[in-house]
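Structural description and commentary
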Amino acid sequence: MGYPNLGGEGGRGGDVWFIARERTTLKSIREKYPQKRFVAGTGANSSVKALKGEKGKDCEVYVPLGISVLDDDGKQIGELNAAGERFLAARGGLGGCLATNFLPCKGQRRAVHLDLKLIADIGLVGFPNAGKSSLLRKISHAKPEVANYAFTTIQPELGKIMYPDYKQISVADLPGLIEGAHANKGMGHKFLKHVERTKQLLLVVDISGFQLSIKTQFRTAFETILLLTKELELYKEELLTKPALLAINKMDLPCAKDNLDELMTQLENPQDFLHLLEEEMIPANTLEFREVIPISTYTGEGIEELKTCLRKSIDEQAEQVNEDYRKKKLLLLQTSKEELMNRNWHS
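Notes on the structure follow. (Residues numbered from 1 in each chain as written. Predicted model: local features only at pLDDT ≥ 70, side-chain atom pairs only at ≥ 80, totals over all residues. Heavy atoms only, no water.)

Focus: the packing of aromatic side chains
- The full count for this structure, using the stated rule, is four aromatic pairs.
- Look at Tyr 33 and Phe 38: their rings are 4.7 Å apart centre to centre, the planes differ by 75°, and that puts the pair in the edge-to-face class.
- Its relative accessible area of 17% is what places Tyr 33 among the buried residues.
- Centroid distance Phe 127 to Phe 210: 5.0 Å. Interplanar angle 15°. Geometry classified as stacked. (Phe/Tyr/Trp six-rings, centres within 6.5 Å; stacked < 30°, edge-to-face > 60°. Buried < 20%, exposed > 50% of the residue type's maximum accessible area, 1.4 Å probe, protein only.)

Observations concerning the sheet that holds strand 5 (residues 86–90)
- Spatially, three strands are ordered 2-1-5 in an open sheet, and the strand pairing comes out mixed. Of all the strands in the sheet, just strand 2 (59–63) and strand 5 have a single pairing partner and so form its edges. With direction set aside, neighbouring strand axes in the sheet form an average angle of 25°. (Pairing = 2+ DSSP bridges. Helix = DSSP H or I, 4+ residues; strand = E, 2+ residues; numbered from the N terminus. Axes fitted to C-alpha atoms, helices over the stretch in contact; angles between N-to-C directions.)

Comments concerning unusual backbone geometry
- Unusually for a residue other than glycine, Asn 101 sits at a positive phi of about 60°.
- With respect to the helices, strands and loops of the structure, Asn 101 is situated in the loop between strand 5 and strand 6 (113–116).
- Classification of Asn 101 by relative accessible area gives exposed; the value is 61%.
- Unlike most non-glycine residues, Phe 102 shows phi in positive territory, near 65°.

Thoughts on the pattern of salt bridges
- Counting across every chain of the model gives 17 salt bridges.
- For Lys 307, the salt bridge is made with Glu 304, and the minimal N-O distance between the two is 3.6 Å. On the criterion of helical spacing, the pair formed by Lys 307 and Glu 304 is a turn pair, its members being three residues apart in helix 6 (residues 303–346).
- Among the residues examined, Lys 307 registers a relative accessible area of 14% and is labelled buried.
- Connected through salt bridges with shared partners, the residues Asp 165, Lys 167, Arg 311 and Asp 315 form a single ionic network. (Salt bridge = Lys/Arg side-chain N within 4 Å of Asp/Glu carboxyl O.)

See the structure below:
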């Protein structure tokens, strides 16, 4: 409340903030706030001793990195990707003052959804049983469960590749896509939303092809690559602009070498082989792979080479980002210099 006689102003209400912090989980938020309600403090009344009432205490909620804040209609209203980033979820109301007839105003009240998307350098993309979990075990310290059935991985697993010079690259093994994932079949959007936040894609494909079940069609390695591309494209076309690498797994199997020769021919001129697929399954754009690495998670063949390629690709991308940033800064400097010269000239 304000203080009408002396023109005193009441303190405004506290605000509700989401703040990104490392090593925080959605689970910890749920445990701390089981009611899923975040309430900031009330402002203090104006009094003879303190004509300007104190502001109410802010409510600060720590959230994991990679959070999108959505409103009730599912529209994104904010996102927090780096430690320390803040998002104002609800603003406190004005304290009582002359404009409000010395009565306090109500603060904002809104319902929001917190949606977590994994942030990783590399996202492993592939159909079930392509060997993504085995690959993650081989290249990092993560220990995902490995079993021989569709949808082995039900939730994303994050691992880190450690290099001798202490550089680390984070790799996310994302639940297996299936045909129709873009339409939310299988793990659908639960999987695809995580792909958005990875810097690069690593497609993992079984050289001997893939068949989800007896009822579904058998797909060759080439068809698998096109179908994965199509799923990414149908979900969000920008995903295909990410740098991509291709790991061809299970090279220890008989006939793998012949299959690989055939696949490399198809990848060199994909347009000549698109007729192998039904029209609705052909992606509008084919992925350009920076590297194609044959591997075997069973024998360890190609694993070291793959780690080297991933490192090179991530370093090159970082260098490109820095270069673009430097060019942008230079352009800004030149523009402001020109503006200054024009101003001086006119004056």
